[in-house]
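# Geometric and topological summary
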Amino acid sequence: MAGASGYHSTDPDRGARLCFHLKPGSYDTAGVIEVLEQMKVFYRGERVVLVRDGLSAHWSRAMRAWVAEQDWLTLERLPAYAPELNPVELLWSSLK
């Protein structure tokens, strides 16, 4: 499962949105790009700043090339090991 918690920057009263994606096996770069393509549809033309962890698929050469072509997406990275800063990690721990 891949997931993201989203907040609307111009209307904080809308609350958080949860985007998630399910697939068998683990996520590689192609799988993460598939998730981001679906996120693009979910946010329908809104600009998105995605704060991500250090998963290697987030940093591959193919991922960097794909992101460079996306005008709707800005990526920021969490510190090396900081699960307490990632709200999705709290979701995963609750699900477990």
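Everything below is about the structure printed above this text.
My aim in this report is to walk through the structure given alongside it, one point at a time.

## Considering the environment of His 21
Assignment of secondary structure puts His 21 in strand β2 (residues 16-21). The buried category is assigned to His 21, whose relative accessible area is 7%. The spacing of His 21 and Ala 4 is 17 residues in sequence and 9.2 Å in space, taken between C-alpha atoms. If we ignore the near neighbours within four places in the chain, the residues touching His 21 are Met 1, Ala 2, Tyr 27, Glu 34, Val 35 and Gln 38. Side chain to side chain, His 21 and Glu 34 meet in a polar contact 3.3 Å long.

## Some remarks on the pairing of β2
Burial along β2 is one-sided: the residues Arg 17, Cys 19 and His 21 are buried and none of Ala 16, Leu 18 and Phe 20 is. In terms of strand pairing, strand β1 (residues 2-7) meets β2 through six bridges, oriented antiparallel. Paired with Gly 3 across the strands is Phe 20, a residue of β2.

Cut-offs applied
Residues numbered from 1 in each chain as written. Predicted model: local features only at pLDDT ≥ 70, side-chain atom pairs only at ≥ 80, totals over all residues. Heavy atoms only, no water. Helix = DSSP H or I, 4+ residues; strand = E, 2+ residues; numbered from the N terminus. Buried < 20%, exposed > 50% of the residue type's maximum accessible area, 1.4 Å probe, protein only. Contact = heavy atoms within 4.5 Å. Polar contact = N/O pair within 3.5 Å; in protein donor to acceptor, adjacent residues only side chain to side chain. Pairing = 2+ DSSP bridges.

These figures capture arrangement, not role.
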